[in-house]
Amino acid sequence: MAERSHDLVVIGGGPGGYVAAIRAAQLGLSVGLVEKQKTLGGTCLNIGCIPSKALLESSQRYAAARDELAAHGIKTGRVRLDLAVMQRRKDEVVGRITQGVAALMWKWKVKIYTGEGRLAGAGRVALRRENEEEEIAATNIILATGSVPAALHGVDLDGDRVCTSTEALAWRTVPSHLVVIGAGAIGLELGSVWRRLGAEVTVLEYLDRILPEMDAEVAAEARKILAAQGLAFRLGQRVTAARAAGGQCVVEAEGEKPLECSHVLVAVGRKPFTAGLGLETAGIELDEHGRIPINERFQTSPAGVFAIGDVVRGPMLAHKASEEGVACVEMIATGHGRVNYDAIPSIVYTWPEVAGVGRTEEQLRAAGVSFRKGSFPFLANGRAHALGSVEGRVKVLAHAETDRVLGVHIVGPHAGELIAEAATAIEFGASSEDIARTCHAHPTLAEALKEAALAVDRRAVHV
Ligand code: NAD
């Protein structure tokens, strides 16, 4: 006999799961949320998006104080780093936000179960904590257990100097030479943090480009800018081994001489986390990528069991998981819910930032879609000059016949904020003409998006 019962039990308290729980409570469902960690927020809040952004912000300010303030006529003494304070601030930022999420759960009367959840037969979730196990009855169950860093065959993680992003966010000393394996978002963001704080950073990437999911032209421009900041890129290198040896680390890539360094960050992707969820007993078979198969209503094979976020297909992004959580719950409660997968922005928080939404040039070409392209450099934007950040560009891709905006890609200052306007445009089915005719305040960085939209029709004003 189950002692407790809910209309919905969500397993996993990350940005997919906790947002689903809030939306379900708003819709009047009684909700239980099972989370094995002491704090809510999952990878994103605890060991991912939020702590990395805190360190990116702090390291950017340090580098700016060291390298840029003099040009503004601001004299400082020698700028020194107190990494312990920087790390403490990061922990405080994380603490405040995870507490905020806990307060939201209280506000919406979501019952939190701290422990590991597992499917335990139709309409049942088993909750294990320490040596106890209890059962919760649930009319609906959402699996939102997220992902973990993918391992790389031949790499011996030592949880300290040869490690994943979790440890690289918490180092107490600045590496003398950090080798990053993988030029995706994690590698570039954490590579930037430690580079700014003084490390020599070498990025080894298997492909002949960085940021494989982003528009190639924008990624190539980002690579040049980051290389000028001192990130040494070695492309086309497949890492086959890495280990700590004595006081040093050694990284081996196919056909290359072994590379010695002080620290190694493995950032070669993430994989869905489904261990211990009881999927086999529930009759759920994972796909070839280890993901939980779902239909367009987020339903898995057993009735009443749904899955969202990093454990299912699609980009592994916190905001994608949140959107899916909302849509899944709305489908359960009202029969209707929707995620527009064409309008999910993606951002890499280097400086300058790299951001994109919609389709890339490569994807449009591969799909045989004819499009027109407008591009505008920040070098021609007044606000970018005032900021002292004129690198990069905005690129708008619009359908050749209908002019509908199909993709927007930006490398430049605050690209991650600018991309929101582009996502709105795509969501509303806007044309490039719509963006071009929208009055943008002057002087703003957003004017570069307007100008790129004007450039689709060869009528940009400032180039
Ligand atoms: P990623 O998949 O984005 O990039 C991994 C890179 O590693 C790829 O370029 C790949 O070619 C390379 N690689 C794989 N095997 C290699 C080898 N043996 N040698 C050399 N290079 C190799 O992975 P990530 O950066 O670890 O990020 C993981 C996930 O988390 C992604 O889905 C990412 O979108 C997400 N994430 C997003 C953000 C953000 O949106 N700002 C930040 C962090 C993580």
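Details of the structure are given in the entry above.
Residues numbered from 1 in each chain as written. Predicted model: local features only at pLDDT ≥ 70, side-chain atom pairs only at ≥ 80, totals over all residues. Heavy atoms only, no water.

### Observations concerning the layout of surface pockets
- Quantified by volume, the second largest pocket comes out at close to 790 Å³.
- Contributing to the lining of the second largest pocket are 26 residues, with Gln-60, Ala-64, Glu-68, Arg-196 and Trp-351 lying nearest its centre.
- Mapped by element, the contributors of at least two residues to the lining of the second largest pocket are helix H3 (49-67) and helix H6 (185-196).
- With nine residues, the top contributor of residues to the lining of the second largest pocket is H3. (1 Å grid on protein atoms, 1.4 Å probe; cavity = no way out; pocket = protein on both sides within 12 Å on 5 of 7 lines; lining within 4 Å. Points joined across faces, edges and corners; volume = space filled by probe spheres on them. Helix = DSSP H or I, 4+ residues; strand = E, 2+ residues; numbered from the N terminus.)

### Brief notes about H3
- Its 19 residues place the ends of H3 26 Å apart at the C-alpha level, agreeing with the 27 Å of an ideal helix rising 1.5 Å per residue.
- When we look at burial in H3, the residues that qualify are Pro-51, Ser-52, Ala-54, Leu-55, Leu-56, Ser-58, Ser-59, Gln-60, Tyr-62, Ala-63, Ala-64 and Ala-65.
- Looking at the packing, one finds that the buried side of H3 touches helix H2 (42-47), helix H4 (83-107) and H6. (Expected span 1.5 Å × (residues − 1). Buried < 20%, exposed > 50% of the residue type's maximum accessible area, 1.4 Å probe, protein only. Contact = heavy atoms within 4.5 Å.)

### Focus on the pairing of strand E13 (residues 248-253)
- Sheet topology places strand E12 (residues 239-245) next to E13; six bridges connect them, and they run antiparallel. Across the sheet, Val-239 pairs through a bridge with Ala-253, a residue of E13.
- Linking two consecutive strands that pair antiparallel, namely E12 and E13, is a turn of two residues; a positive phi of about 65° is found at Gly-246 within it.
- Two elements, E13 and strand E14 (residues 259-261), share three bridges in a ladder whose sense is antiparallel. Paired with Cys-249 across the two strands is Cys-261, which belongs to E14.
- Counting the residues in the hairpin turn of E13 and E14 gives five residues, including Gly-255, whose phi is positive at 75°. (Pairing = 2+ DSSP bridges.)

### Some thoughts on the nonpolar core
- In terms of nonpolar packing, the biggest core is built from 49 residues, with Leu-8, Val-10, Val-31, Met-105, Ile-142, Leu-143 and Phe-298 touching the most fellow members.
- Among the elements that take part in this core, helix H1 (residues 17-26) stands out by supplying seven residues, more than any other.
- Residues in contact with Leu-8, not counting those within four places in the same chain, are Ala-24, Leu-29, Ser-30, Val-31, Gly-32, Asn-140, Ile-141, Ile-142, Val-329 and Ile-332.
- Grouped together as the second largest cluster of nonpolar side chains are 35 residues, Leu-55, Leu-169, Trp-171 and Ala-267 included. (Core = buried A, V, L, I, M, F, W, Y, C linked by side-chain atoms within 4.5 Å.)

### With respect to unusual backbone geometry
- Pro-352 follows Trp-351 through a cis peptide bond whose omega is -5°.
- Tracing the backbone through its elements, the reader meets Pro-352 in the loop between strand E18 (346-348) and strand E19 (353-358).
- Omega for the peptide link from His-442 to Pro-443 comes to -5°, which places this bond in the cis form.
- With respect to the helices and strands, Pro-443 occurs in the loop between helix H13 (432-437) and helix H14 (447-456).
- We note that Lys-109 has phi near 55°; this positive angle belongs to a residue other than glycine.
- Locating Lys-109 in the fold gives a position in the loop between H4 and strand E3 (111-114).
- The exposure class assigned to Lys-109 is exposed, which follows from its relative accessible area of 69%.

Function-wise, these values are silent; they only describe arrangement.
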